[in-house]
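One letter stands for each residue in the lines below.
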Amino acid sequence: MADLTALDIVKYRTARLTEKGNGGTTTKPRTVNREVALLLSVAKKCVSGKILKENPFAGAEIKRLRVEPKLAYFEREEFAAFLAALRNPDLVVKDLKDRDSRRTLMNPPERRAYVANVAKAADVFEALLLTVSRLSEILNLRWTAVNFKNGRVSIRQSKTNETKHLGIQPQLRALLERVSLASRDKSGDVFVRADGTP
């Protein structure tokens, strides 16, 4: 490894991008970026572990290959269909039966609890979409952070530990009001399981 240079990485990248794999396709730039990052990391570890005297890539400007972002979004209609399916008990029970190859179905109370929790999950997914928040932020949202009178909801951001204040637009208001009606604890978590536990 001590004999490698930044030029060797450039040659390696070029070779990896042009060689054909078993399926006849070339390696994606994202994969090559990961491979090069691993090589650079190994070189640093070799220096810190006293295997190499110096990092052969130190000071070299090795830029990452440009990668098209992998974005996949629900279209509005797809998301609406997704939420409707989660809120439809007949579809949820049918899915349970379809997936149960051993025919060991839940007993009726367990099935009712499962269906109710799936419907609660639909509320969480809808809140994620409407607030553009992380799952942990929605699951930690408390009723004390929801102000219907002023039309504001305050969400503690898990990554920055800062609070973002959002206006409650009509769709979010309808969701929160519906969840509020079913809530037993108006000072606790907004989104809970059917049995009231977080």
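This text goes with the structure placed above it.
Residues numbered from 1 in each chain as written. Predicted model: local features only at pLDDT ≥ 70, side-chain atom pairs only at ≥ 80, totals over all residues. Heavy atoms only, no water.

A. Main features of the side chain of D189. Inspection of the secondary structure assignment puts D189 in the segment after α7 (170-182). Residue class for D189 comes out buried when judged on its relative accessible area of 17%. For D189, the side chain forms a polar contact with the side chain of R142, separated by 3.2 Å. (Helix = DSSP H or I, 4+ residues; strand = E, 2+ residues; numbered from the N terminus. Buried < 20%, exposed > 50% of the residue type's maximum accessible area, 1.4 Å probe, protein only. Polar contact = N/O pair within 3.5 Å; in protein donor to acceptor, adjacent residues only side chain to side chain.)

B. Structural detail: the packing of aromatic side chains. Across all of its chains, the model carries five aromatic pairs by this definition. Geometrically, the ring pair formed by W143 and F148 is tilted, given 6.4 Å between the ring centres and 35° between the ring planes. According to the relative accessible area criterion, W143 is buried, its value standing at 6%. With a relative accessible area of 24%, F148 lands in the partly exposed category. Chaining the aromatic ring pairs together yields one cluster made of F74, F79, F82 and F125. (Phe/Tyr/Trp six-rings, centres within 6.5 Å; stacked < 30°, edge-to-face > 60°.)

C. Main features of the pattern of salt bridges. In total, this model carries eleven salt bridges according to the counting rule given. The shortest N-O distance in the salt bridge between D123 and R178 comes to 3.0 Å. Here D123, found in helix α5 (residues 108-131), pairs with R178, found in helix α7; they are 55 residues apart in sequence, far enough to count as distant. Put simply, R87, D123, E126 and R178 are held in one network by salt bridges that share partners. (Salt bridge = Lys/Arg side-chain N within 4 Å of Asp/Glu carboxyl O.)

D. Expanded view of unusual backbone geometry. Residue K50 is not a glycine yet carries a positive backbone phi of 65°. Looking at where K50 falls in the secondary structure, it is placed in the loop between α2 (29-48) and α3 (76-86). Residue K50 is classed as exposed on the basis of its relative accessible area of 75%. Non-glycine residue N161 carries a positive phi angle of around 60°. Topologically, N161 is positioned in the loop between β2 (152-156) and β3 (163-167). Exposure remark for N161: the relative accessible area of 55% places this residue in the exposed category.

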